Amino acid sequence: MAEESPFPTGFRLIPDCFDKAAQEALVDDIRAVLRAAPLFRPVMPKTGKPFSVQMSNCGPLGWVSDVKGYRYQPVHPATHAAWPQIPNRLLDLWADLAPEAPPPEACLINYYETGAKMGLHQDKDEDTFDAPVISVSLGDTATFRIGGTQRKDPTRSVRLASGDVVVLGGAARLAYHGIDRLIAGSSSLLKNGGRVNLTLRRVTRPAV
Ligand code: MD3
Ligand code: FE
């Protein structure tokens, strides 16, 4: 009898999708983005409680959170400048892994220092869930948790290491997920340690 997959349909992990040289090139791309669009520390809607993760974005739209709520907007919340373009290396990844989908509009950059985490949540601030979300992990390994489309569904823990890519399509697109912890010192990619996660997303429905 075939065993049931422990992951939601549409969850695809590609270990070591980016080799060391490609990871270094991607870190250089992200450093350039962050010079134009510095990391900011979002706060929770209503309570104003700061996130432990710092963020920035590239692409026509960026995800932000403040006391007023979660939303996508075309400018940085502090500088009010348009977000920088998504690096070509990431547009190429999207074209390779989601050839049917319209181009990504948002690339959220999450920066985790040791001790930072992200609670279990769904990504549902987009106007469309047809396209997958594609995630790239860089730096220290993280323990990632993924469940089903209901908060009460059982969850699984998966380690995401530097260079790993996850594609979340189909039912997995609306799965609950989060980051439990980092494994400090597990990678030497980032000179000050920590972890960068990039998530590419389609936000709006394509015109045609
Ligand atoms: C599963 N980021 O930015 S990446 C997020 O590592 C986010 O920073 C985590 O959750 C991080 O929203 C997890 C893997 C990931 C990204 C998007 C998903 C898993 C997902 C969307 C739907 C389901
Ligand atoms: Fe998420």
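To be clear, the structure that these remarks concern was listed above.
A quick note: this is a predicted structure, and the numbers were derived from the prediction, not measured.

S.K.: An account of the sheet that holds strand 8 (residues 142–146) is requested, with residue identities and associated values reported.
M.R.: If you trace the four strands from one edge of the open sheet to the other, you get 6-11-8-9, paired in antiparallel fashion. If you trace the sheet from one side to the other, it starts and ends with strand 6 (118–121) and strand 9 (156–160), each paired once. For this sheet, the mean inter-axis angle between neighbouring strands, taken without regard to orientation, is 25°. Two elements, strand 8 and strand 9, share five bridges in a ladder whose sense is antiparallel. By the bridge assignment, Arg-145 is partnered in strand 9 with Ser-157.

S.K.: Tell me about the pairing of strand 7 (residues 133–139), and please be specific about residues and values.
M.R.: By the criterion of burial, strand 7 is predominantly enclosed, with seven of the seven residues buried. As paired elements, strand 7 and strand 12 (residues 195–201) share six bridges and run antiparallel to each other. Note that in strand 12 the partner of Gly-139 across the bridge is Arg-195.

S.K.: Any chance you could break down the packing of aromatic side chains for me, citing the residues and the numbers?
M.R.: Within this structure, the stated rule accounts for four aromatic pairs. Grouping aromatic residues by their ring pairs yields a cluster made of Phe-51, Trp-63 and Tyr-70. The ring of Phe-7 carries Arg-156 above its face, with NZ or CZ at 5.4 Å from the centroid. The aromatic ring of Tyr-112 is capped on one face by Arg-195, whose charged end is 5.1 Å from the ring centroid.

S.K.: So what's going on with unusual backbone geometry? Which residues, and what values?
M.R.: Here Lys-46, not a glycine, exhibits a phi torsion of approximately 70°, which is positive. Its location among the elements puts Lys-46 in the loop between helix 1 (20–36) and strand 2 (54–58). Its relative accessible area of 77% is what places Lys-46 among the exposed residues. For His-80, which is not glycine, the phi torsion reads 60° and is therefore positive. Tracing the backbone through its elements, the reader meets His-80 in the loop between strand 4 (69–73) and helix 2 (88–97).

S.K.: Hey, could you go over the site of ligand 1 for me, with residue numbers and the actual values?
M.R.: The environment of ligand 1 is made up of 19 residues, and the closest members are Asn-110, Tyr-112, His-177, Arg-195 and Arg-201. Here Tyr-112 contributes a side-chain N or O atom positioned 2.5 Å from an oxygen atom of ligand 1. Protein coverage of the free-state accessible area of ligand 1, which is 490 Å², stands at 98%. If you map ligand 1 onto the pockets, it falls in the largest pocket. Counting residues per element, the shell around ligand 1 draws most heavily on strand 12, at four residues. For the shell around ligand 1, the class distribution of residues is nine nonpolar, six polar and four charged.

Cut-off values and rules
- Residues numbered from 1 in each chain as written.
- Chains lettered and ligands numbered in written order.
- Predicted model: local features only at pLDDT ≥ 70, side-chain atom pairs only at ≥ 80, totals over all residues.
- Heavy atoms only, no water.
- Pairing = 2+ DSSP bridges.
- Helix = DSSP H or I, 4+ residues; strand = E, 2+ residues; numbered from the N terminus.
- Axes fitted to C-alpha atoms, helices over the stretch in contact; angles between N-to-C directions.
- Buried < 20%, exposed > 50% of the residue type's maximum accessible area, 1.4 Å probe, protein only.
- Phe/Tyr/Trp six-rings, centres within 6.5 Å; stacked < 30°, edge-to-face > 60°.
- Lys NZ or Arg CZ within 6 Å of the ring centre and 35° of its normal.
- Near = heavy atom within 4 Å.
- Polar contact = N/O pair within 3.5 Å; in protein donor to acceptor, adjacent residues only side chain to side chain.
- Areas by Shrake-Rupley, 256 points an atom, 1.4 Å probe, with all protein chains shown as cover.
- 1 Å grid on protein atoms, 1.4 Å probe; cavity = no way out; pocket = protein on both sides within 12 Å on 5 of 7 lines; lining within 4 Å.
- Sits in = over half its atoms within 2 Å of the grid points.
- Nonpolar A, V, L, I, M, F, W, Y, C, P; charged D, E, K, R; others polar.

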